[in-house]
Amino acid sequence: MSVETPGVAAKLEEAMLAPEADHSGMSSALRRNLSSPWATAFVVILTILWTIPTLGLLITSLRPSELASETGWWTVITNPVFTLQNYSEVISGGDTIPGGIAPYFINSFVISIPAALIPLTLALMAAYALAWVPFKFSNAIFLGIFALQVVPLQMALLPLLQLYNLGWFGLPSLKEIVQAIPVLGAWVWPAGGTSFVPMWISHTMFALPLAIFLLHNFISQLPRDLFEAARVDGASHFLIFRKIVLPLSVPAIASFAIFQFLWVWNDLLVALTFAGGTVATAPVTVYLSAIKGTYGAQLHLITAGAFIAIIVPLIVFFSLQRFFVRGLLAGSVKG
Amino acid sequence: MDYASKLTLMVSVVAVFFGVLLLVFFLAARAKGKAQTPLARLIFLGPAAVLVLIGLVIPAIQTTYYSFYNSDGNKFVGAKNYSWIFTTPDNWVFLRNTALWIVITPILSTVLGLTLALLMDRMKRESLPKSLIFMPMAISFVGASIIWGLVYEYRDPAETQVGLLSAFVSLFGIEPPNWLLWQPWNNFLLMVIMIWIQTGFAMVVLSAAIKAIPTDVTEAAMLDGATGWNLFRKVTVPMIRGTLVVVLTTIAIGVLKVFDIVRTMTNGNFGTQVLANEMYAQAFVQFDKGRGSALAVVLFVAVIPLIVYNVVQLRKEQSIR
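Since this is a predicted model, take the numbers as computed values, not measurements.

What to know about the overall build of chain A
The number of helices and strands found in chain A is 18 helices and zero strands. The burial tally for chain A puts 52% of its 335 residues in the buried class. In chain A, the proportion of contacts linking residues at least 24 apart, taken out of those at least 6 apart, comes to 69%.

Considering the environment of Ile310 of chain A
By the element assignment, Ile310 of chain A lies in helix α17 (residues 299–319). Along the backbone, Ile310 of chain A and Lys243 of chain A are 67 residues apart, and their C-alpha atoms lie at a distance of 37 Å. Other than its neighbours up to four places away in sequence, Ile310 of chain A contacts Ile139, Ser140 and Gly143 of chain B.

With respect to the interface of chain A and chain B
The interface is formed by 103 residues belonging to chain A together with 105 residues belonging to chain B. Examining the composition of the side of chain A that touches chain B, we find that 14 residues originate from one element, helix α6 (residues 102–132) of chain A, more than from any other.

A word on the packing of helix α16 (residues 284–294) of chain A against helix α6 (residues 141–151) of chain B
Where α16 of chain A meets α6 of chain B, the closest approach of the two axes is 9 Å, and the angle between their N-to-C directions is 30°. Looking at the two axes, α16 of chain A sits roughly parallel to α6 of chain B. α6 of chain B is crossed by α16 of chain A, and the crossing has left-handed handedness. In this structure, α16 of chain A contributes Thr285, Leu288, Ser289 and Lys292 of chain A to the contact, and α6 of chain B contributes Val142, Ile146 and Gly149 of chain B. The class makeup of the residues in the contact of α16 of chain A with α6 of chain B is three nonpolar, three polar and one charged.

A word on the nonpolar core
Among the nonpolar cores identified, the biggest contains 182 residues, and Ala123, Ala126, Tyr128 and Leu215 of chain A together with Ala48 of chain B are the most heavily contacted of them. In terms of residue count, the dominant contributor to this core is α6 of chain A (21 residues). The residues touching Tyr128 of chain A, leaving out its near neighbours within four places in the chain, are Ile219, Phe241 and Val245 of chain A together with Phe44 of chain B.

Observations regarding the packing of α6 of chain A against helix α2 (residues 36–66) of chain B
Where α6 of chain A meets α2 of chain B, the closest approach of the two axes is 8 Å, and the angle between their N-to-C directions is 130°. Of the possible angle classes, the one that applies to α6 of chain A and α2 of chain B is oblique. Between α6 of chain A and α2 of chain B lies a crossing of left-handed hand. For the pair α6 of chain A and α2 of chain B, the contacting residues are Leu122, Ala123, Met125, Ala126, Tyr128, Ala129 and Leu130 of chain A in the first and Arg41, Phe44, Leu45, Pro47 and Ala48 of chain B in the second. Residue composition of the contact of α6 of chain A with α2 of chain B, by class: eleven nonpolar, no polar and one charged.

What to know about the environment of Thr105 of chain B
Residues and elements named next belong to chain B. Mapped onto the fold, Thr105 is located in helix α4 (residues 92–120). Classification of Thr105 by C-beta neighbours within 10 Å gives buried; the count is 24. Separated by 180 residues in the primary sequence, Thr105 and Val285 have C-alpha atoms spaced 28 Å apart. Once you skip the residues sitting within four places of it in the chain, Thr105 turns out to touch Met191, Met194, Ile195, Gln198, Ile251 and Val255.

Section: helix α5 (residues 85–92) of chain A
Residue and element names in this part refer to chain A. Along α5, the positions that sit buried rather than exposed are Asn86, Glu89 and Val90. Buried residues of α5, seen end-on, are gathered within an arc of 90° and therefore sit on one face of the element. At its buried positions, α5 is contacted by α3 (37–61) and α17. Downstream of α5 by a residue or two, Gly93 has a phi angle that is positive, lying close to 90°.

Overview of the domain arrangement of chain A
Residue and element names in this part refer to chain A. In terms of domains, chain A is made up of domain 1 (26–89) and domain 2 (102–330). Distance from the C-alpha centre of domain 1 to the C-alpha centre of domain 2: 34 Å. Elements with a contribution of two residues or more to the side of domain 1 that touches domain 2: α3, α4 (65–70) and α5. With four residues, the single largest contributor to the side of domain 1 that touches domain 2 is α3. Class assignment for the residues of the side of domain 1 that touches domain 2 results in four nonpolar, five polar and two charged.

Quick notes on unusual backbone geometry
Residues and elements named next belong to chain B. Cis geometry is found at the peptide bond from Gln183 to Pro184, where omega equals -10°. Note on placement: Pro184 falls in the loop between α7 (164–171) and α8 (186–211). Here Asn267, not a glycine, exhibits a phi torsion of approximately 55°, which is positive. Residues other than glycine seldom take positive phi values, yet Phe287 does so here, at roughly 55°. Summarising the element assignment, Phe287 is placed in the loop between α13 (275–285) and α14 (289–320). The class for Phe287 is exposed, based on 12 C-beta atoms found within 10 Å.

Things to note about the domain arrangement of chain B
Residue and element names in this part refer to chain B. Partitioning chain B into domains gives domain 1 (3–71) and domain 2 (82–320). Here the C-alpha centroids of domain 1 and domain 2 sit 36 Å apart. Contact with domain 1, which involves seven residues of that partner, is made by eight residues of domain 2. Here the side of domain 1 that touches domain 2 is built from residues that sort into two nonpolar, five polar and no charged.

Calculation criteria
- Residues numbered from 1 in each chain as written.
- Chains lettered and ligands numbered in written order.
- Predicted model: local features only at pLDDT ≥ 70, side-chain atom pairs only at ≥ 80, totals over all residues.
- Helix = DSSP H or I, 4+ residues; strand = E, 2+ residues; numbered from the N terminus.
- Buried ≥ 20, exposed ≤ 12 C-beta atoms within 10 Å, placed from the backbone.
- Contact = placed C-beta atoms within 7 Å.
- Axes fitted to C-alpha atoms, helices over the stretch in contact; angles between N-to-C directions.
- Parallel < 35°, antiparallel > 145°, perpendicular 65-115°, else oblique.
- Left-handed = near helix turned anticlockwise from the far one by under 90°.
- Nonpolar A, V, L, I, M, F, W, Y, C, P; charged D, E, K, R; others polar.
- Core = buried A, V, L, I, M, F, W, Y, C linked by C-beta atoms within 7 Å.
- Arc of directions from axis to C-beta.
- Domains from an automatic or database assignment.

Encoded structure:
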């Protein structure tokens, strides 16, 4: 997603990709003139302030329960006692929290991976058609999809819940349709239970406008000659899509895939509405939100649970920072 | 379902999706002559178009429609749900809070982000502080709420304070209040969480804008005697004005939809309710379809000018480039 994506993404790229090298903004003389120990001190203090809350969470999650509930986490400096007991209890369940976080953690993966791959693929296809197989209404459709980013997903929750469970306009509901599938129906959507299907579909639908917009910006910048030469050689649109569009769009695909995966992983609103609160389909965010209310006083457990939930985004952040930042910034208006 | 069953389901869904897609591609690629291009168009564009129609367009129309109906959605009530929102004294709390959130959070995040961007521009090693301040953007609002819940943890004065904020004010001999019940200031404590998340975003975007200011502009200004604060006010700010607007509106849009933080921290109690959480509560706790829909429409209408302004600024910036 280079310069043509929304300005924000392009700016981020400049900012994060070459943070040390590019100082074109000011001459070195000017920088020396303005730099001061006060500036450095301010940045250092703010960085520490920004990091302390997360550090407090991590330390609390590693302390024995009595220490965690009776002394501040900063007392580890004088009394460094650590344990992994909280993690084993919160992962697989124990006396305080039955069940544990593990099944919800699995649910988060089961929800997030298809909910990232499916919209990504559909959006890439639509973006290719809008950019390189134009027809009379291409521009109108593109503008319409672009404009749909304005619609907050709150506008869609009630009608979609009805579509999934009761059906629209007297037609069968999604639940009835899925359950009617022979043999597999009851596995995918158990009678009287919840299913992952509404989560996958909802996240796909909500992701499409932004995904199509961003990928269109990228794909439409690919060199025209490539497509013309391929068409002259008699390649079908499907071959062009697989052999030209797909390989050349990898940076844009990676950025969006990471953004969408984390968006779904971190989502609470869509999950609360469509996944229900049970262990069958609810993701970690729903579980954390629930135990915050019920076991909020068990600091050692709630912090361990929270750390398990945020470790996945943090790993993605520190290992794929480049794609992560681009994706996150490009998608910052989503929702 | 056990883990194996769930993971099998996930793998099967992805496999079926790509399998069907490949099959359709394979079959459609065999089409010859004039039908080829329209068929390709249909296959590429059709699924996305149908999903967007079902997932956003039709629901948006239905929600607008329900907003003029009663709680069960079977009796037309005119604008009653809207007048309920704006004339019920109980609702002024969430309207006031939403207004406070939308003014304070974007401004403070942007000011902090801009300050950091300016100061870091002059530092040799900016990578680590930048990463650490940007990191909260990766964390979910729920995770952030638990992180800050620990900071705001309150204990009876007879016990040892284990929350960082409580312990900190105790150092100065001040008896800490029960932070999350401390009206109306608890609203600001919740906003701090959002500011903590959004400052990194503002910093990274503004830092890039500052670096993009051409060297000759700043040097010319310096030759004319501009230094420090003057240089910042007369040169830097005008040069990055468009980006500042984009950052402010982007954060404001996020703030309007903020739901997770309030729900997880206080569930809207103790005078902390906001629009997006009230919408969820009306629609899915009270099961009042009419009011829930009307609140969603208000959210929608409030977001529109922000997004339009945001997009107009982005376009302007791009045409300048």
